[in-house]
Amino acid sequence: MSDRRTEILKAATRVIARRGVRGLRVGELAAEAGVSTSLIYYHFTDRAGILHRTLEFISDRADRYTAASRSTADGPADPRHELEQILLLELQDDAEVRENSTAWGELRASAVFDAELRADLARATHTWVHEIAELLGRANPAATAPEHAAAAERLTALLEGLSVRWLSGSLPLEHARRLLADAIEAELGRPDRYAGPAGA
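In this report, we go over the structure that sits alongside the text. Here the structure is a predicted model, which is why all the values come from computation and not from measurement.

Quick notes on the rules
- Residues numbered from 1 in each chain as written.
- Predicted model: local features only at pLDDT ≥ 70, side-chain atom pairs only at ≥ 80, totals over all residues.
- Heavy atoms only, no water.
- Helix = DSSP H or I, 4+ residues; strand = E, 2+ residues; numbered from the N terminus.
- Expected span 1.5 Å × (residues − 1).
- Buried < 20%, exposed > 50% of the residue type's maximum accessible area, 1.4 Å probe, protein only.
- Contact = heavy atoms within 4.5 Å.
- Axes fitted to C-alpha atoms, helices over the stretch in contact; angles between N-to-C directions.
- Parallel < 35°, antiparallel > 145°, perpendicular 65-115°, else oblique.
- Left-handed = near helix turned anticlockwise from the far one by under 90°.
- Nonpolar A, V, L, I, M, F, W, Y, C, P; charged D, E, K, R; others polar.
- 1 Å grid on protein atoms, 1.4 Å probe; cavity = no way out; pocket = protein on both sides within 12 Å on 5 of 7 lines; lining within 4 Å.
- Points joined across faces, edges and corners; volume = space filled by probe spheres on them.
- Salt bridge = Lys/Arg side-chain N within 4 Å of Asp/Glu carboxyl O.

### Quick look at helix H8 (residues 145-167)
Helix length check: H8 (23 residues) gives 33 Å between terminal C-alpha atoms against 33 Å at 1.5 Å per residue, within 8%. All buried positions along H8 are accounted for by His 148, Ala 150, Ala 151, Ala 152, Leu 155, Thr 156, Leu 159, Glu 160, Leu 162, Ser 163 and Trp 166. Those residues of H8 that are buried are in contact with helix H5 (79-88), helix H6 (95-111), helix H7 (115-139) and helix H9 (173-189). Backbone geometry just after H8 places Gly 169 at a positive phi near 85°.

### A few points about the packing of H6 against H7
Two elements in contact, H6 and H7, have axes separated by 8 Å at closest approach and are oriented at 130°. By the angle class used here, H6 and H7 are oblique. Between H6 and H7 the crossing geometry is left-handed. When H6 is examined against H7, the residues Trp 104, Leu 107, Arg 108, Ser 110 and Ala 111 are found in contact with a partner set consisting of Leu 117, Arg 118, Leu 121, Ala 124 and Thr 125. Residues that form the contact of H6 with H7 fall into these classes: six nonpolar, two polar and two charged.

### Observations concerning the layout of surface pockets
Approximately 580 Å³ is the volume found for the largest pocket. If you go around the largest pocket, you meet 28 residues; those closest to its centre are Ser 59, Ala 62, Trp 104, Ala 124 and Trp 128. At the level of elements, helix H4 (47-66), H6, H7 and H8 are the ones that each hand at least two residues to the lining of the largest pocket.

### Focus on the pattern of salt bridges
All chains considered together, the criterion is met by 16 salt bridges. Two residues, Arg 53 and Glu 56, come together in a salt bridge whose shortest N-O distance is 2.8 Å. Of this pair, Arg 53 and Glu 56 both sit in helix H4, three residues apart, which is roughly one turn of that helix. Overall, Glu 56 belongs to the partly exposed group, its relative accessible area being 33%. Among the ionic pairs, Glu 187 bridges to Arg 154, the shortest N-O distance being 2.8 Å.

### Some remarks on the packing of H5 against H9
The N-to-C vectors of H5 and H9 enclose an angle of 150°; their axes lie 10 Å apart at closest approach. Classified by the angle their axes make, H5 and H9 are roughly antiparallel. Here the hand of the crossing between H5 and H9 comes out right-handed. Where H5 abuts H9, its residues Arg 80, Leu 83, Glu 84, Leu 87 and Leu 88 lie against Arg 177, Leu 180, Ala 181, Ile 184, Glu 185 and Leu 188. Grouping the amino acids of the contact of H5 with H9 by side-chain chemistry returns seven nonpolar, no polar and four charged.

Structure representation (structure tokens):
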């Protein structure tokens, strides 16, 4: 991806985190990125293209700031530790994480009313859930693939809900992290937690 294109996507993420999807105007985005509106249309065609690529950018950036959990000085991380870190690093008092999480939450809320955005978000969520299910499978090989998938759905949905409550000021960050850590422990420490509608 070109540097200019990346800067536009960074600017789009900032604008969405600050003003919401409905507040994203191409003119304001151009001013935020320091480029012309014609350049934005050249790279992204239309507003839908901007949202689609920004969603991809947000997902990729989250992968980057959780990547440190994937290995240690001694080699690949323990699957359980990697799972914990990948999820918990989504809840940290860091400007980039706050911005990313706010923009993701705004895109998710807007997808309720936008079928095209809904499809993009469903694909991104599926990829995320699949990644978490794969880590659960490595951390708890005794469980089945459907059980891992159900647990991944529960953990990612919980994380999204905790993130919204934290960002909206209704839940302290450390309490949100503790609740998420407890949920991970419950999924991995008690196999009976896998029982439920999705795994029945």
